[in-house]
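# An overview of the molecular structure
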Amino acid sequence: MTQRKPTFLLAGSLIGLAALTLVACNKPPEMVQEPAPSITLGTQVDDAVITSGVKSALLADDLVKSFDLQVETRKGTVQLSGFVDSQAQIDQALAITRSVAGVTEVENAVTLKGTPSTVGTKIDDATVTGRVKTALLADPDIKSFDISVVTFKGEVQLTGFVNSQAQIDLASQLASAAEGVTSVKNELMVKQ
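The following refers to the structure shown. It should be emphasised that the depicted structure is a prediction, and the values quoted were computed from it without experimental measurement. (Residues numbered from 1 in each chain as written. Predicted model: local features only at pLDDT ≥ 70, side-chain atom pairs only at ≥ 80, totals over all residues. Heavy atoms only, no water.)

Moving on, we get to the pairing of strand β6 (residues 183–190). As paired elements, strand β5 (residues 155–162) and β6 share eight bridges and run parallel to each other. In the sheet register, Val162 faces β6, and the bridge partner there is Val190. Handedness of the crossover joining β5 and β6 through helix α5 (residues 165–177): right-handed. (Pairing = 2+ DSSP bridges. Helix = DSSP H or I, 4+ residues; strand = E, 2+ residues; numbered from the N terminus. Right-handed = clockwise from strand over helix to strand, strands pointing away.)

Shown next, in the form of structure tokens:
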């Protein structure tokens, strides 16, 4: 007696794989996302080390108050965002970031807060941030895990690296449509 079970399983698997391939090839063109420029595993690790180094350096500085800043890194380019109290904090954060090993460029998306916010405004801002993040996560054309969202007094800041200008535009539209958003500062960058 010959055993045909493995052959049938193999044939069934190949048929299933072929069907999935055909379905993927028939994807409507408007849903096809542009692939991000390739980045090696080594570069990803380097970027993670740079991000960690920048965050640690900012945390160690009393003037900067690094908890108010977001740090994103791609191929050595560091993007700083968030809201701070003074220009001196921005200048110090930029200087600290530039001094971290591996940083090749710094993109400044840090904004001055202006007048202090109340506890109620901070709660409202956290709610707005949650709404924007939810809208970004719900859209299949946005790779929202690459987008950082920060809100201060209804102003939403979007930072990070995405695959295309279309994703930048869509992220801005989604953020603007979220309840409680008064304005959107879109500092997203296309991956290089």
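Continuing now.
Remark on secondary structure: sheet strands pair via backbone hydrogen bonds, oriented parallel or antiparallel. The mixed open sheet is built from three strands, whose spatial order is β1-β2-β3. With partners counted over all chains shown, the strands left at the sheet margins are β1 (69–74) and β3 (105–112), one partner each. This sheet shows a mean twist of 10 degrees between the axes of neighbouring strands, independent of strand direction. As judged from the eight bridges shared by strand β2 (residues 77–84) and β3, these two strands associate in the parallel manner. Paired with Ser81 across the bridge in β3 is Ala109. Against the sheet, helix α3 (residues 87–98) engages β1, β2 and β3, with an angle of about 160 degrees to β3. (Axes fitted to C-alpha atoms, helices over the stretch in contact; angles between N-to-C directions. Contact = heavy atoms within 4.5 Å.)

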